[in-house]
Amino acid sequence: MEIKKYYLKEFQYFDGTSEIIFNIVDINFEKMTITLAVTNQGKISVIEYDLKRDTENNLYFEYGHLLDKIDLDDFETIND
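A quick note: this is a predicted structure, and the numbers were derived from the prediction, not measured. (Residues numbered from 1 in each chain as written. Predicted model: local features only at pLDDT ≥ 70, side-chain atom pairs only at ≥ 80, totals over all residues. Heavy atoms only, no water.)

Caption draft 1: Structural context of the pairing of strand S6 (residues 59–63). Burial within S6 is extensive, with four of its five residues counted as buried. Summarising the sheet, strand S5 (residues 52–53) and S6 pair through two bridges and their orientation is antiparallel. From the neighbouring strand, Lys52 faces S6, where its bridge partner is Tyr60. Between S5 and S6, which pair antiparallel and follow one another directly, the connecting turn spans five residues, one of which, Asn57, has a positive phi of 70°. Counting the residues that bridge the hairpin from S6 to strand S7 (residues 68–71) gives four residues, and of these Gly64 lies at a positive phi of roughly 80°. (Buried < 20%, exposed > 50% of the residue type's maximum accessible area, 1.4 Å probe, protein only. Helix = DSSP H or I, 4+ residues; strand = E, 2+ residues; numbered from the N terminus. Pairing = 2+ DSSP bridges.)

Caption draft 2: Highlighting the sheet that holds strand S4 (residues 43–50). As summarised here, the arrangement of the four strands in space is S1-S2-S3-S4, forming an open sheet in which the pairing is antiparallel. Looking at which strands have only one partner, the edges of the open sheet turn out to be strand S1 (10–14) and S4. Put simply, the sheet's adjacent strands are angled 30° from each other on average, direction ignored. (Axes fitted to C-alpha atoms, helices over the stretch in contact; angles between N-to-C directions.)

Caption draft 3: Layout of the packing of aromatic side chains. As enumerated under the stated definition, the model contains eight aromatic pairs in all. Consider the rings of Phe11 and Phe75, whose centres lie 5.6 Å apart with planes at 40°: the pair is tilted. Here Phe11 is found in strand S1, whereas its partner Phe75 is found in the segment after S7, with 64 residues between them in sequence. The burial state of Phe11 is the same as that of Phe75; both residues are buried. Seen from their ring centres, Phe61 and Phe75 are 6.4 Å apart, and the 50° between their planes marks the pair as tilted. Taken together, the residues Phe61 in strand S6 and Phe75 in the segment after S7 connect sequence positions 14 residues apart. Ring-pair connections join several aromatic residues into one group, and the members of that group are Phe11, Tyr13, Phe22, Tyr49, Phe61, Tyr63 and Phe75. Between the NZ or CZ atom of Lys69 and the centre of the ring of Tyr60, over which it lies, the distance is 4.9 Å. (Phe/Tyr/Trp six-rings, centres within 6.5 Å; stacked < 30°, edge-to-face > 60°. Lys NZ or Arg CZ within 6 Å of the ring centre and 35° of its normal.)

Pasting the structure below:
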């Protein structure tokens with residue numbers, strides 16, 4: 001896989017109380033990690049998550065207390 005395919009793509013996620021925005025900063029396919037800029041209630045944090053593969057071989061990471069599955073294919077390029 002190629003990092004350029006994913007770099008700076010964005011995904012908006014509603015966790016039940018607020019809208020959370022994820023922006024891809026880096027993906028390390030050797031370590032199977034993804035670094036994201038996470039915007040939650042106006043606060044921006046840079047967080048690294050472990051990447052996993054599902055039964056269809058799609059990449060995803062788990063977010064939040066309920067370990068919600070966030071699929072990398074759901075990220076898209078945002079144009080202003």
